[in-house]
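Descriptive analysis of the structure
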Amino acid sequence: MDTKKRHQYLHAMGIQPWELRVAILDQPIQSIDQLNWEELKAAVATCQRCELHKTRTQTVFGVGNQQADLLIVGEAPGAQEDQQGEPFVGRAGQLLNAMLQAIQLRRADIYIANILKSRPPDNRDPKPEEVAACTPFLLRQIALLKPKLMLAVGRIAAQFLLNTTETIGKLRGHEFNYGPEKTPLLVTYHPAYLLRSPREKRKAWEDLQRVAQRLEQL
C-alpha cells in the first residue's frame, strides 16, 4: 500500500497520520524508514506509541530468515507470544509449522511478523490507534525483507494489508498486489481459527498449494 492510500486508510479511521521517529542509543533521531534490522528491533522493544506498552510482557518483533522469499503476516501476539517474544507459538504455531512442512517449508525458511508488536489485552481486536502506531514498523520490515510473496493469515491482517472490508472467504483464492513493488499477496485462514473450525482446513490446504506454486514460479 502506497503512502497516499495508507493516509486515506488512517483518515477513514479518524487518525491523523504521523511520521514515527525513534532514537537509537547515541545516534541522532532517525525516521523509521532509515533503520536497519537491529535498529528497528531496538525501536520496537522500547516503543511506547500506544497504550499496549503498559500491559505487554515484551514486544514480539518477528522471526525468521531476513532474506526470505515468503513473508507471513498475522494480526497480533497472543498470550504465549507475549510470554516468549516470538510470533505464532503454542497450538496455533504448531499448526502453522505443520502447514509449512506440508509444502516443504520450515520456519527458518520464511519470515513471520504481526501487524501489532504488542499483545492486546484478552486477545481483543486491535484498535485503530494501535494499528496506526505499529504500521511504520511493519512497513519497514517489508521494505528490508523485500519478499517475493506475502501471505496474510486471518481476517484482520488481510483486511489491513489490502485496505478492504471484504470477508476472508471472499479474499482467499485470489491473488493481489501489495505496495509500490506490487508484491503478490495471498490470503488464508489464521491457524487459531482452523483449530476452532477444522472443516476449513481443506480450504487452507488449497491456499498453501497456491503458495507453493507461486514460490516456484517466482
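Predicted model only: the values in this text are computed from it and were never measured.

**Section: the environment of Asp-122**
Along the chain, the position of Asp-122 falls in the loop between β5 (111–114) and α5 (128–145). With 44 residues separating them in the primary sequence, Asp-122 and Gly-78 have C-alpha atoms 8.2 Å apart.

**Focus on the sheet that holds strand β4 (residues 70–74)**
To summarise the sheet geometry, strands pair through backbone hydrogen bonds and adopt either a parallel or an antiparallel arrangement. What the six strands build is an open sheet, ordered β3-β5-β4-β6-β8-β7; its pairing is mixed. Edge positions in the open sheet fall to β3 (63–64) and β7 (176–178), since each of these has one partner strand only. By the bridge criterion, two bridges tie β3 to β5 in an arrangement that is antiparallel. Considered in β5, the bridge of Gly-64 is made with Tyr-111. Running over the sheet, α5 touches β4, β5, β6 (149–153) and β7 and is turned about 165° from β5.

**Concerning the pattern of salt bridges**
Going through the model one piece at a time under the given rule, you end up with eleven salt bridges. For Glu-130, the salt bridge is made with Arg-124, and the minimal N-O distance between the two is 2.7 Å. According to the relative accessible area criterion, Glu-130 is buried, its value standing at 4%. Note on Arg-124: relative accessible area 25%, which makes it partly exposed. The residue Arg-202 makes a salt bridge to Glu-206 at a minimum N-O spacing of 2.8 Å. Within this pair, Arg-202 and its partner Glu-206 are both found in helix α9 (residues 201–217), separated by four residues, close to a single helical turn.

Criteria and thresholds
- Residues numbered from 1 in each chain as written.
- Predicted model: local features only at pLDDT ≥ 70, side-chain atom pairs only at ≥ 80, totals over all residues.
- Heavy atoms only, no water.
- Helix = DSSP H or I, 4+ residues; strand = E, 2+ residues; numbered from the N terminus.
- Pairing = 2+ DSSP bridges.
- Contact = heavy atoms within 4.5 Å.
- Axes fitted to C-alpha atoms, helices over the stretch in contact; angles between N-to-C directions.
- Salt bridge = Lys/Arg side-chain N within 4 Å of Asp/Glu carboxyl O.
- Buried < 20%, exposed > 50% of the residue type's maximum accessible area, 1.4 Å probe, protein only.

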